[in-house]
Every structure is written in C-alpha cells, then in structure tokens.
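# Report on the structure
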Amino acid sequence: VQLQAYGGGLVQTGGSLRLSCAASGSKFSIIVMGWYRQAPGKQRELVATITSGGSTNYADFVTGRFTISRDSAKNTVFLQMNSLKPEDTAVYYCYAQGLRWGHIQDDYWGQGTQVTVSS
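Because the structure is predicted, anything quoted here is derived from the model rather than measured. (Residues numbered from 1 in each chain as written. Predicted model: local features only at pLDDT ≥ 70, side-chain atom pairs only at ≥ 80, totals over all residues. Heavy atoms only, no water.)

### Describing the packing of aromatic side chains
Both the distance between ring centres and the angle between the ring planes are used here to describe each pair of aromatic rings. What counts here: Note on ring pairs: Phe, Tyr and Trp rings are taken, using the six-membered ring of Trp, and paired if centres are within 6.5 Å. Classes follow the plane angle, with under 30 degrees stacked, over 60 edge-to-face and the rest tilted. Segments assigned H or I by DSSP are reported as helices when at least four residues long, segments assigned E as strands when at least two residues long, and all are numbered from the N terminus.
The final tally for this structure, using the stated rule, is four aromatic pairs. Seen from their ring centres, Phe-28 and Trp-101 are 5.0 Å apart, and the 70 degrees between their planes marks the pair as edge-to-face. Separated by 73 residues along the polypeptide, Phe-28 in the loop between strand S3 (17-24) and strand S4 (29-38) and Trp-101 in the loop between strand S9 (90-100) and strand S10 (104-109) bring together distant segments of the chain. Aromatic pair Tyr-36 and Tyr-95: ring centres 5.5 Å apart, planes at 70 degrees, arrangement edge-to-face. Of this pair, Tyr-36 sits in strand S4 while Tyr-95 sits in strand S9, placing them 59 residues apart in sequence.

### Describing the nonpolar core
Where we set the bar: Think of a nonpolar core as a cluster: buried Ala, Val, Leu, Ile, Met, Phe, Trp, Tyr and Cys residues, connected wherever their side-chain atoms sit within 4.5 Å. The cut-offs for exposure are 20% and 50% of the maximum accessible area for each residue type, with area from a 1.4 Å probe on protein chains only; residues under the lower value are buried, those over the upper are exposed, and the others partly exposed. Two residues form a contact once any of their heavy atoms are found within 4.5 Å.
With 28 residues, the main nonpolar core has Trp-35, Leu-79, Met-81 and Tyr-92 as its most contacted residues. Listed by contribution, the elements that provide at least two residues to this core are strand S1 (2-6), S3, S4, strand S5 (45-51), strand S7 (66-71), strand S8 (76-81), S9 and strand S11 (113-118). Residue contacts for Met-81: discarding those within four places in its chain leaves Gly-15, Ser-16, Leu-17, Leu-19, Arg-65, Phe-66, Tyr-92 and Val-115.

This is the structure in structure tokens:
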C-alpha cells in the first residue's frame, strides 16, 4: 500500500491548511486512516483517525480546531486544520491500517508533509 500526502506548507498563526492523503495498491480493506505528527526532538503522536464507518478519534490538543474526514470509496483521508498555532509545526504523517483475511492488521505510513506555523 502506498500513501501519498499533499497539502502541507507555511501558514501564519490562526491560519488554515488542508491535508489530503490517498491510499493506493491495497488488495484488502483499509479500516482506519488518519494522521500523526512529529515535531523536532519529539516523539510521533496521534493527531486524528477515522474508521471506514466514520468513527473519529482526536488528540485533545486539536479538538475543535481540526476535522478529519474520509472518502472511503477512494481510500482518501482529509485533515482540515483551522486556528493553527506555532506548536502545530511538525511533519504530518498519513497513516492507514489494513485488514487481511478478516483478522490480520497491517500498518502503513506515508512519507510525511511539513506543516510550519509562523508566529
């Protein structure tokens, strides 16, 4: 499975960005898609995930500012980021979890896209 992410960039505090990520090459179901991020010197952390059924999970630090959505038919996930803060600066990684044979879970990662929020 290949994950291709788009939409990172430089934005001022309070601005918005929209990330998108498309999964391709999967022969099995993609059950979860989402975003993680990693700032310099920090561990990678969850931003938001969404299941194929539309259930969402957000990190506390983005609730109310970020919205995750998904086009399951196209295996594409979006992250609308509003009210961005300098502490949101990080490399954002697209994530997907596939399910083989009904019980084998595989994790996939995209190449990362840089989001920089200037103060």
